[in-house]
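In case you want the letters, here they are:
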Amino acid sequence: LDSNDLPAAALQKGMRTFRSITIGGEEIEFSEGFTDLHTATYRDILSGGGFGLADAAPCILLTHQIRNLKPAGLTGEYHPFLLKKGC
């Protein structure tokens, strides 16, 4: 996404990313805490943790299915941001 699309409050704080989800009318903002996520994951893998092929296979299959679906357009419920982008 273009950083110019971030909410004004996030831009004023100098944020480069903004993550939120609204559930039952309540917004949960979770933009912080992702900076070292990859490093922590790699440390876990190098220590013998991590996930195996059996764990990853359903994720890969789902990704393949999503990438090969025909877009349905704006039907049903959709994020209002899509209207801004002219989808």
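As shown above, the structure is provided for reference.
Residues numbered from 1 in each chain as written. Predicted model: local features only at pLDDT ≥ 70, side-chain atom pairs only at ≥ 80, totals over all residues. Heavy atoms only, no water.

Student: I'm lost on the pairing of strand β1 (residues 20–23) in this one. Help?
Tutor: Every regular strand shows the same layout, with side chains that alternate between the two sheet faces. Sheet topology note: the β1/strand β2 (residues 26–29) ladder contains four bridges and is antiparallel. Each bridged residue has a counterpart across the sheet, and for Ile21 the counterpart in β2 is Ile28. (Pairing = 2+ DSSP bridges. Helix = DSSP H or I, 4+ residues; strand = E, 2+ residues; numbered from the N terminus.)

Student: What is the right way to look at the side chain of Ser31 in this model?
Tutor: Position of Ser31 among the secondary structure elements: in the loop between β2 and α2 (37–46). By relative accessible area, Ser31 is classed as buried at 7%. Here Arg19 takes part through its backbone nitrogen, which lies 2.7 Å from a polar atom of the side chain of Ser31. At 2.4 Å, the side chain of Ser31 and the side chain of Glu29 are in polar contact. Residue contacts for Ser31: discarding those within four places in its chain leaves Met15, Thr17, Phe18 and Arg19. (Buried < 20%, exposed > 50% of the residue type's maximum accessible area, 1.4 Å probe, protein only. Polar contact = N/O pair within 3.5 Å; in protein donor to acceptor, adjacent residues only side chain to side chain. Contact = heavy atoms within 4.5 Å.)

Student: Mind showing me how you'd approach a nonpolar patch on the surface here?
Tutor: Together, Ile21, Ile23, Ile28, Phe30, Phe34 and Leu37 give the surface a local cluster of nonpolar side chains, amounting to about 510 Å² of exposed area. Positionally, Ile23 belongs in strand β1. On the basis of relative accessible area, Ile23 is assigned to the exposed category, the value being 52%. (Patch = residues over 30% accessible without salt bridge, like charges linked within 9 Å, V, L, I, M, F, W, Y side chains within 5 Å. Areas by Shrake-Rupley, 256 points an atom, 1.4 Å probe, with all protein chains shown as cover. Salt bridge = Lys/Arg side-chain N within 4 Å of Asp/Glu carboxyl O.)

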